[in-house]
Amino acid sequence: MAEVIVAFDMPSPDDARRMVERIPGLKWVKVGPILYLNGGPQLVREFKNRGARVFLDFKWHDIPNTVSGAVRAAADLGVDLATVHTLGGAEMMAAAAKAASGCDLRLVGVSVLTSHTSQGYFDSVGRPESSDLTGEVVRLARAAVAAGLGGLVASPLEIQAVRPVLGAGRWIVVPGIRRAGSDPGDQHRTADPASAARAGATHLVVGRPVTQAADPAAVYQEICASAA
Ligand code: C5P
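Residues numbered from 1 in each chain as written. Predicted model: local features only at pLDDT ≥ 70, side-chain atom pairs only at ≥ 80, totals over all residues. Heavy atoms only, no water.

Visitor: Now, about unusual backbone geometry: what can you tell me, with residues and values included?
Guide: One non-glycine residue, K59, lies in positive phi territory at about 45°. Classification of K59 as partly exposed rests on a relative accessible area of 30%. (Buried < 20%, exposed > 50% of the residue type's maximum accessible area, 1.4 Å probe, protein only.)

In structure tokens:
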């Protein structure tokens, strides 16, 4: 069984407030740069006051001092889940994990973005001859565990490979969720919610298929039922 997180990537805080009202029982809201830069910490507090848990997804990839300070600020704001980028390195991830320890904030590491193809990823890291993207995600999962992070963000295609690396207790947060026949948009490594949950995802991240639906509540409920 996986929990469903809805990505609120709309620019307007008022649209975001209306969307929360349109989805009764919404448990998790993901706030990224588009909404945060318009709504700020006040909007995060509003979501929390309405009973939603907040996933702040900034994929921090900076020096250890900056990332650990950001982690502390997110924890002070009441954020429940946040991301650092595993390519930021062992020292940064360990500093971030230390900053999160003793807080109610869970920190997970982003591995390879779901919008990457294998070719696009290995070109961007300067290894165009490589093609084992699953092996690369497993490598980054090991680095996240060694640094003390509480889980990994991976595409649906790598869930089974990383599960044994992460062990019980760590989260596998999975974007790239699309129902059969639904528009993938810019996502390249996708699966339907039931398959991702069966493979061992603990959390599914779904944005546009819910927020751009004519009836967001119905799509949200359907995805929750598939993930149960
Ligand atoms: O609209 P869609 O369902 O594609 O939204 C997916 C969300 O998950 C976006 O907010 C995106 O930033 C985020 N995400 C992702 N791939 C990752 C990490 C986060 O798509 N590896």
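Visitor: Break down the site of the ligand for me, citing the residues and quoting the values.
Guide: Inspection of the region around the ligand gives 16 residues, with D9, K30, T114, R178 and R208 positioned closest. Side-chain polar atom of R208 to an oxygen atom of the ligand: 2.7 Å apart, as the coordinates give it. Contact with the protein chains covers 88% of the free accessible surface of the ligand, which is 470 Å². Only β3 (53-60), β8 (203-206) and α9 (208-211) provide two or more residues apiece to the shell around the ligand. When grouped by side-chain class, the residues that make up the shell around the ligand number 7 nonpolar, 3 polar and 6 charged. (Near = heavy atom within 4 Å. Polar contact = N/O pair within 3.5 Å; in protein donor to acceptor, adjacent residues only side chain to side chain. Areas by Shrake-Rupley, 256 points an atom, 1.4 Å probe, with all protein chains shown as cover. Helix = DSSP H or I, 4+ residues; strand = E, 2+ residues; numbered from the N terminus. Nonpolar A, V, L, I, M, F, W, Y, C, P; charged D, E, K, R; others polar.)

Visitor: Any details on the pairing of strand β5 (residues 106-110)? Residues and values, ideally.
Guide: Counting buried residues in β5 gives 4 out of 5 residues, a clear majority hidden from the surface. Two strands pair when backbone bridges link them, and strand β4 (residues 81-85) and β5 are joined in this way by 5 bridges, in the parallel orientation. In the strand pairing of β5, V84 is matched with G109. Considered for its hand, the β-α-β crossover made up of β4, helix α4 (residues 90-100) and β5 is right-handed. (Pairing = 2+ DSSP bridges. Right-handed = clockwise from strand over helix to strand, strands pointing away.)

Visitor: Let's hear about the packing of helix α3 (residues 64-77) against α4: which residues, and what values?
Guide: One way to put it is that α3 packs onto α4 with a least axis distance of 8 Å and a crossing angle of 25°. Taken as axis vectors, α3 and α4 run roughly parallel relative to one another. Seen along the crossing, α3 lies across α4 with a hand that is right-handed. Contact residues: P64, V67, S68, V71 and R72 in α3; E91, M92, A95, A96, A99 and A100 in α4. Residue composition of the contact of α3 with α4, by class: 8 nonpolar, 1 polar and 2 charged. (Axes fitted to C-alpha atoms, helices over the stretch in contact; angles between N-to-C directions. Parallel < 35°, antiparallel > 145°, perpendicular 65-115°, else oblique. Left-handed = near helix turned anticlockwise from the far one by under 90°. Contact = heavy atoms within 4.5 Å.)

Visitor: Can you tell me about the pattern of salt bridges, naming the residues and giving the values?
Guide: Under the definition given, this model contains 13 salt bridges. Its salt-bridge partner being K48, residue D80 comes within 2.8 Å of it at the nearest N-O pair. Taken as a pair, D80 in the loop between α3 and β4 and K48 in helix α2 (residues 33-49) lie far apart in primary sequence, 32 residues in all. Between R53 and D80 there is a salt bridge; the shortest N-O distance is 3.7 Å. Of this pair, R53 sits in strand β3 while D80 sits in the loop between α3 and β4, placing them 27 residues apart in sequence. Using a relative accessible area of 9% as the deciding quantity, one classes D80 as buried. Linked by salt bridges that have partners in common, D14, R17 and E46 make up one network. (Salt bridge = Lys/Arg side-chain N within 4 Å of Asp/Glu carboxyl O.)

Visitor: Hey, could you go over the sheet that holds strand β1 (residues 3-8) for me, with residue numbers and the actual values?
Guide: Strand order in the closed barrel formed by 8 strands is β1-β2-β3-β4-β5-β6-β7-β8, and the pairing between neighbours is parallel. Pairs of neighbouring strands in the sheet enclose a mean axial angle of 25°, with direction left out of account. Bridging between β1 and strand β2 (residues 28-31) involves 4 bridges; their strand directions are parallel. Within the sheet, the bridge partner assigned to A7 lies in β2 and is K30.

This is a description of form; function is not addressed.
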